[in-house]
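Descriptive structure summary
Each chain is listed here by its residues.
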Amino acid sequence: MTLSVSPRLATFPFPFRADSYRYSTNVEPARVPVETEAGSWGAGILHLDDDYAAELAERRRILAADPSRLQVLPHMRPAAWDALLTVLRELHAQHPGSMSLEQDGPTFVWRNSLLGVEQRFTEGADDSLPGGPLGFLGSQIQDDVVLLDQREGSLWADAGVVTFAADWSLGFDVGMRFLEVHGPVPRIHEEGIISRAERFLMRLQPGEECRRTNWSMSVDRRLDQSTEVYPEWGPDRRAIVDAGPAELARRLHLRVEVQHLIRLGASGAIMFLIRTYLVALDELASVPAWRERLGRVLAELPEDMADYKGLVRYRDAAAHWLLDT
Amino acid sequence: MGSAHTSVPRWPTSDPGLDRTGRSYAILSFGPDARPTAEGWHRQVVELGRPVWARHGGSADEVLAELAERVEAARVGWRLMLAGPQADVLAARAVATSGGLLDAEITLLVTDDRHRRVWCSHCDTTTLAEVATGDVTGCSGCGRSLLVHHHVSRRNAAYLGFMVDAETIDGEAV
Amino acid sequence: MTTLALVVGHSEEIAPGIRELSFSRTDGGVLPAHPAGSHVVVDCGEGRRNAYSLTNPGADPREYRIAVLHKSDGAGGSGHMHSLRVGDTVTVSRPRSAFAPVSTARRHLLVAGGIGITPMLAHARDAVRWGRDVDLIYVHRPGSEAFSDELAALLGDRLAETTDEDEFGRLLDKALTGQPIGTHLYVCGPGPLLDRVLADAAAAGWPPERLHLERFVPAALDPGREFVARLARSGRDVRVPSGRSLLDALHEAGVAVPNMCRQGVCGECKVPVLAGTPLHRDEFLADDERGAAVMCCVSRSKTETLEIDL
């Protein structure tokens with residue numbers, strides 16, 4: 001690494017591998033580190049960073065204000081327990097110094113010294129955990145979680161804890177087929193991308209893992225861009241248009257999701273982990289290669305994709321700032 | 001966009017014909033336009049000599065409650081045939097699937113799609129309105145103007161509605 | 001496919017001609033978890049590999065359990081499996097799931113014939129563990145009642161067991177006409193039993209979406225016929241033997257083709273076809289692309305020569 005950058009940039013999953021962007025079935029094996037101009041990311045499934053406690057506090061606040069961000073259709077209870085134990089074991093393996101999961105028959109003790117948590121629970125007893133298995137899982141990792149059930153030749157988004165959605169609503173989408181969830185996304189259906197992705201996921205065998213990235217932009221460091229609170233964050237998309245260059249670069253963020261897809265063993269569900277990263281343009285610009293590449297991607301992006309991603313109002317201004325100032 | 005991909009229903013608007021593989025049948029229809037088709041189905045089931053339960057119109061809430069009871073008591077081999085405006089068919093289908101019916105056991109005919117149930121994502125109220133997808137309707141809960149998005153929850157039998165003018169400042173055109 | 005090197009921890013004849021085997025890690029560690037109804041592919045000697053349903057609970061298993069019916073002539077690898085004893089080593093695939101319970105089912109109706117009971121034991125256990133409604137009809141030869149005691153203890157009066165074909169018919173008839181609408185039916189057993197259950201269920205109005213058959217998926221795709229890949233740009237011919245993929249054959253001939261999933265889904269290894277007829281076995285290509293391209297990781301050729309644009 002030749003650049004001296006902030007820890008946030010050093011682990012930022014910069015998603016562009018070319019100067020233009022189109023949707024593709026961009027799945028790749030999980031746990032393979034990706035070297036970037038500023039560092040690397042992706043060596044593990046779960047990534048805890050300096051924002052760990054702050055983002056979990058934000059999730060608690062959001063769930064308290066709107067409990068519909070946690071959804072578990074009744075048939076997903078086994079999958080929720082499977083997801084919880086899978087993730088806690090993974091955390092234990094990655095952070096043995098600060099986290100542990102001990103089992104004594106059906107009783108477990110989870111310790112997480114980073115959060116000061118010691119929790120005893122009984123597998124299968126939903127009320128032995130605050131928030132139930134999926135709610136508790138959401139209190140230990142920064143990722144949003146969606147659980148996909150497989151039946152009738154489809155995947156179904158039947159459970160989740162999603163507080164950091166990028167312009168969608170778990171409460172509305174829960175219970176939909178995977179293809180229906182993605183119904184409003186332009187281009188991906190005509191190009192067969194989403195049905196190919198579903199077929200790929202349906203063939204994942206127990207324990208298999210893969211990942212992909214997705215991206216959009218947002219005004220300010222706002223993780224919660226659910227449809228429910230669009231009246232709160234929507235106006236910023238308009239306001240940023242009138243901002244001067246310095247304010248634009250400070251407030252406008254590249255928003256990247258690292259999505260892991262893991263076929264759980266015992267339940268057979270697919271656990272979809274969505275970890276959201278935000279970096280402001282002025283911070284991102286300290287890596288010259290990123291500055292130039294993002295500028296070119298934004299300048300080239302077709303209008304329908306820019307519209308779906310909510311970028312139409314400011315993408316020209318952002319591209320101009322990145323490329324010409 | 002193919003119908004297999006989108007969440008917006010693209011259901012038959014002409015008689016898809018009777019599914020003859022069932023052992024017993026329920027026929028539910030809404031509105032005058034659906035009646036002839038439903039009666040045709042009824043006759044065909046009787047000719048097949050299979051048991052049939054049929055309802056036409058009436059109060060939507062009562063009909064849906066009765067449907068839920070029928071689904072609860074139904075045995076595998078049962079077929080549900082629904083005809084009527086999209087909003088009614090969506091609602092009845094949601095009752096049926098939540099009771100365990102599969103798409104393969106439901107036959108649908110949509111006679112018109114003038115009305116939509118629109119779920120306000122901001123205040124969690126569902127409003128029945130005469131509105132097309134992509135148009136705007138008022139939320140009966142919070143009063144916001146909602147854009148009716150081309151996104152449908154079959155579970156809740158509703159279109160997604162969200163604030164149409166969140167990104168405009170006073171005086172600007174939407 | 002990654003395989004596991006395991007040791008036999010248990011080998012016992014549990015019914016005439018039926019041997020139960022368990023496989024564990026040498027260090028006793030946890031094996032990959034799996035849903036009910038999963039199977040593993042076991043090397044049975046002489047290059048044979050057979051799929052066997054796992055009967056053990058799938059959460060954090062420390063052993064995989066299977067039960068093997070001895071074929072009268074010992075063919076198909078069953079003789080080898082019956083000769084395995086505690087301490088022998090075996091090569092076992094990771095578990096694969098192709099017969100999992102439908103989580104939304106209001107009731108699970110299990111129908112097993114003979115050795116077809118093995119996946120149903122796992123299904124019954126899983127159902128009981130999560131409080132799912134389950135019924136099992138188990139038909140087998142007199143004296144060949146593998147797992148009967150265990151199933152009776154698990155299911156009580158939800159188990160209907162018979163050795164009589166007429167009684168089985170009556171049990172099946174009654175079951176097929178009396179299930180609540182959300183019921184899913186799972187059947188595993190000899191071919192004639194599967195055919196009968198499917199026919200009777202269809203006659204009783206069951207849609208195919210409610211009927212689940214145990215079909216052992218092959219460990220790998222069919223090896224296929226040998227063919228020649230003609231590389232148009234260099235004029236070279238590359239022989240693709242049976243059992244070798246086109247991708248691998250090209251690679252061995254020094255022709256690198258980008259690839260990723262090697263399962264025919266990701267689209268990376270697409271190669272244009274100039275002449276000949278591909279035998280498509282992929283999930284990637286749309287129908288209108290199938291004349292002019294081939295996914296070389298899984299697909300082969302119907303014609304003796306396939307000319308490709310490499």
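Quick caveat: nothing in here was measured; it's all calculated off a predicted structure. (Residues numbered from 1 in each chain as written. Chains lettered and ligands numbered in written order. Predicted model: local features only at pLDDT ≥ 70, side-chain atom pairs only at ≥ 80, totals over all residues. Heavy atoms only, no water.)

Quick word on the overall build of chain A
What counts, and what does not: Only DSSP runs of H or I with at least four residues qualify as helices, and only runs of E with at least two residues qualify as strands; both kinds are numbered from the N terminus onward. For each residue, the accessible area found with a 1.4 Å probe, counting protein chains only, is set against the maximum for its type, and the residue is called buried under 20%, exposed over 50%, and partly exposed in between. Any two residues having at least one pair of non-hydrogen atoms within 4.5 Å are treated as being in contact. The accessible surface values rely on the Shrake-Rupley method and a 1.4 Å probe; as for residues, cover is taken only from the protein chains in view. Charged residues are defined narrowly, with Lys and Arg counted positive, Asp and Glu counted negative, and His plus the chain ends left uncounted. Taken as the charge location is NZ of Lys, CZ of Arg, CG of Asp or CD of Glu.
A count of helices and strands for chain A gives 13 helices and 13 strands. The dimensions of chain A, computed from C-alpha atoms along their principal axes, are 65 × 45 × 35 Å. Within chain A, the fraction of its 325 residues that count as buried is 61%. Taking all contacts inside chain A whose residues are at least 6 apart in sequence as the whole, residues at least 24 apart take part in 68%. Accessible surface computed for chain A: about 11,900 Å², of which carbon and sulfur atoms make up 51%. For chain A, the distance from the average site of its 35 positive side-chain charges to the average site of its 48 negative ones is 2 Å.

Let's talk about the interface of chain B and chain C
What counts here: Here the buried area means the combined drop in accessible surface, using a 1.4 Å probe, for two parts upon being joined, counting both sides. Salt bridges are defined as contacts in which a side-chain nitrogen from Lys or Arg sits within 4 Å of a carboxyl oxygen from Asp or Glu. Pairs of N or O atoms within 3.5 Å make up the polar contacts considered here, provided that, within protein, one atom can donate a hydrogen while the other can accept it, and that residues adjacent in sequence are counted only when both atoms are side-chain atoms.
Between chain B and chain C, the residue contacts involve 16 residues of the former and 17 residues of the latter. Taken over both partners, the interface formed by chain B and chain C buries close to 1,200 Å², and the fraction arising from carbon and sulfur atoms is 55%. Applying the counting criterion to the chain B and chain C interface returns two salt bridges. In this structure, Arg106(C) and Glu72(B) form a salt bridge, with 3.7 Å as the shortest nitrogen-oxygen distance. Linking chain B with chain C are 10 residue pairs in polar contact (both at pLDDT 80 or more). Sorting the residues of the side of chain B that touches chain C by element identifies α2 (60–73) and β3 (78–84) of chain B as the ones contributing at least two each.

Some thoughts on the domain arrangement of chain C
So the rule is basically this: The split of the chain into domains comes from an automatic or database domain assignment.
Partitioning chain C into domains gives domain 1 (3–93), domain 2 (107–215) and domain 3 (227–308). Computed from C-alpha coordinates alone, the two centres of domain 1 of chain C and domain 3 of chain C are separated by 35 Å.

Brief notes about the sheet that holds β3(B)
Residue and element names in this part refer to chain B. The line we're drawing: If DSSP finds at least two bridges between two strands, the strands pair. Every axis corresponds to a line fitted to the C-alpha atoms, with the helix fit spanning only the stretch in contact, and the corresponding angles, defined between N-to-C directions, vary from 0 to 180 degrees.
Reading across the sheet, the four strands line up as β2-β1-β3-β4 and stay open at both edges, with parallel pairing between neighbours. The strands lining the two open edges of the sheet, one partner per strand, are β2 (52–56) and β4 (106–110). Strand-to-strand twist of the sheet, defined as the mean angle between neighbouring strand axes without regard to direction, takes the value 10 degrees. The strands that helix α1 (residues 35–48) touches are β1 (24–29), β2, β3 and β4; relative to β1, the one it contacts most, it runs at about 165 degrees. With respect to the sheet, helix α3 (residues 86–98) is in contact with β1, β3 and β4, its orientation differing from that of β4 by roughly 165 degrees.

Digging into the environment of Leu18(B)
Residue and element names in this part refer to chain B. Assignment of secondary structure puts Leu18 in the segment before β1. Sequence-wise, Leu18 and Ala91 are 73 residues apart; in three dimensions their C-alpha atoms are separated by 21 Å. For Leu18, the contacting residues outside a window of four places in its chain are Tyr25, Trp41, Gln44, Val45, Leu48 and Met81.

Let's talk about the sheet that holds strand β10 (residues 183–188) of chain C
Residue and element names in this part refer to chain C. Strand order in this open sheet of five strands is β9-β8-β7-β10-β11, and the pairing throughout is parallel. Both edges of this open sheet fall to β9 (159–162) and β11 (211–213), since each of them pairs with a single strand only. Ignoring strand direction, the axes of neighbouring strands in this sheet form an average angle of 15 degrees. In the sheet, strand β8 (residues 134–139) pairs with β9 via four bridges, with the strands oriented parallel. What sits directly across from Leu136, in β9, is Leu159. Packing of helix α2 (residues 117–129) onto the sheet brings it into contact with β7 (107–113), β8 and β10, and relative to β7 it is tilted by some 155 degrees.

Details of unusual backbone geometry
With a phi angle near 65 degrees, Asp167(A) is a residue other than glycine that sits in the positive phi range. Tracing the backbone shows Asp167(A) in the loop between β9 (154–161) and α5 (170–173). One non-glycine residue with positive phi stands out, namely Phe147(C), at about 70 degrees. With respect to the helices and strands, the residue Phe147(C) is situated in the loop between β8 and α3 (148–155).

Examining the environment of Ala275(C)
Residues and elements named next belong to chain C. Following the sequence through the fold, Ala275 ends up in strand β14 (residues 270–275). Along the chain, Ala275 and Asn50 lie 225 residues apart, while their C-alpha atoms are 37 Å from each other. Ala275 has contacts with Thr305, Leu306 and Glu307, leaving out every residue within four places of it along the chain.

Points about helix α11 (residues 288–300) of chain A
All names here are of chain A. What counts here: How far a helix is expected to stretch is found by multiplying one less than its residue total by 1.5 Å. Note that the arc is computed from the directions linking the helix axis to the C-beta atoms.
The end-to-end C-alpha distance of α11 is 19 Å, a good match for the 18 Å that 13 residues give at a rise of 1.5 Å each. Within α11 the residues assigned to the buried category are Trp290, Arg291, Leu294, Gly295, Val297 and Leu298. The arc that holds every buried residue of α11, seen down its axis, measures 165 degrees, which confines them to one face. Elements in contact with the buried residues of α11: α1 (7–10), β11 (209–219), β12 (252–263), α10 (281–284) and α13 (315–324).

Description of the confidence of the model for chain C
Predicted coordinates in regions of low pLDDT should not be interpreted in detail. Residues and elements named next belong to chain C. Condition: Here pLDDT means the predictor's own confidence in every residue, given as a number from 0 to 100.
When pLDDT is averaged across chain C, the result is 90; 94% of the residues are at 70 or more. Segment residues 216–220: pLDDT under 50, and 11 contacts once partners within four positions in sequence are set aside and those in other chains are kept. In the predicted complex, the global pTM is 0.89; the interface-specific ipTM is 0.93.

Here we look at the interface of chain B and chain A
This is how the line gets drawn: Here the term charged refers only to Asp, Glu, Lys and Arg, the term nonpolar to Ala, Val, Leu, Ile, Met, Phe, Trp, Tyr, Cys and Pro, and the term polar to all other amino acids, Gly among them.
Residue-level contacts link 28 residues of chain B with 28 residues of chain A. Across the chain B-chain A interface, the total number found is four salt bridges. A salt bridge links Asp103(B) to Arg177(A); its shortest N-O distance comes to 2.8 Å. For the pair chain B and chain A, the number of links is eight residue pairs in polar contact (both at pLDDT 80 or more). Elements with a minimum of two residues in the side of chain B that touches chain A: β8 (145–153) and β9 (158–163) of chain B. Among the residues forming the side of chain B that touches chain A, the class breakdown is 12 nonpolar, 10 polar and six charged.

A few points about the packing of helix α4 (residues 165–177) of chain C against helix α5 (residues 191–203) of chain C
Residue and element names in this part refer to chain C. Our working rule: Crossing handedness is defined as follows: a turn of the near helix away from the far one that is anticlockwise and smaller than a right angle gives a left-handed crossing, while the clockwise case is right-handed.
Between α4 and α5, the least distance of the axes is 10 Å, while the angle of their chain directions is 35 degrees. Note on packing geometry: the crossing formed by α4 with α5 is right-handed. Where α4 abuts α5, its residues Glu165, Phe168, Gly169, Leu172 and Leu176 lie against Leu193, Arg196, Val197, Asp200 and Ala201. Residues of the contact of α4 with α5, tallied by class, amount to six nonpolar, one polar and three charged.

Details of the pairing of strand β8 (residues 144–151) of chain A
Residue and element names in this part refer to chain A. By the criterion of burial, β8 is predominantly enclosed, with seven of the eight residues buried. Where β8 meets strand β13 (residues 270–280), five bridges bridge the pair, whose relative direction is antiparallel. Bridging across to β13, Asp144 finds its partner in Ile274. Bridging between β8 and β9 involves seven bridges; their strand directions are antiparallel.

Let's talk about the pattern of salt bridges
Residue and element names in this part refer to chain B. Applying the stated criterion to the full structure yields 61 salt bridges over all chains. In this structure, the salt-bridge partner of Glu66 is Arg55, at a minimum N-O distance of 3.1 Å. Highlighted residues: Glu66 in helix α2 and Arg55 in strand β2, separated in sequence by 11 residues. Classification of Glu66 by relative accessible area gives partly exposed; the value is 23%. Its salt-bridge partner being Arg93, residue Asp103 comes within 2.6 Å of it at the nearest N-O pair. Highlighted residues: Asp103 in the loop between α3 and β4 and Arg93 in helix α3, separated in sequence by 10 residues.

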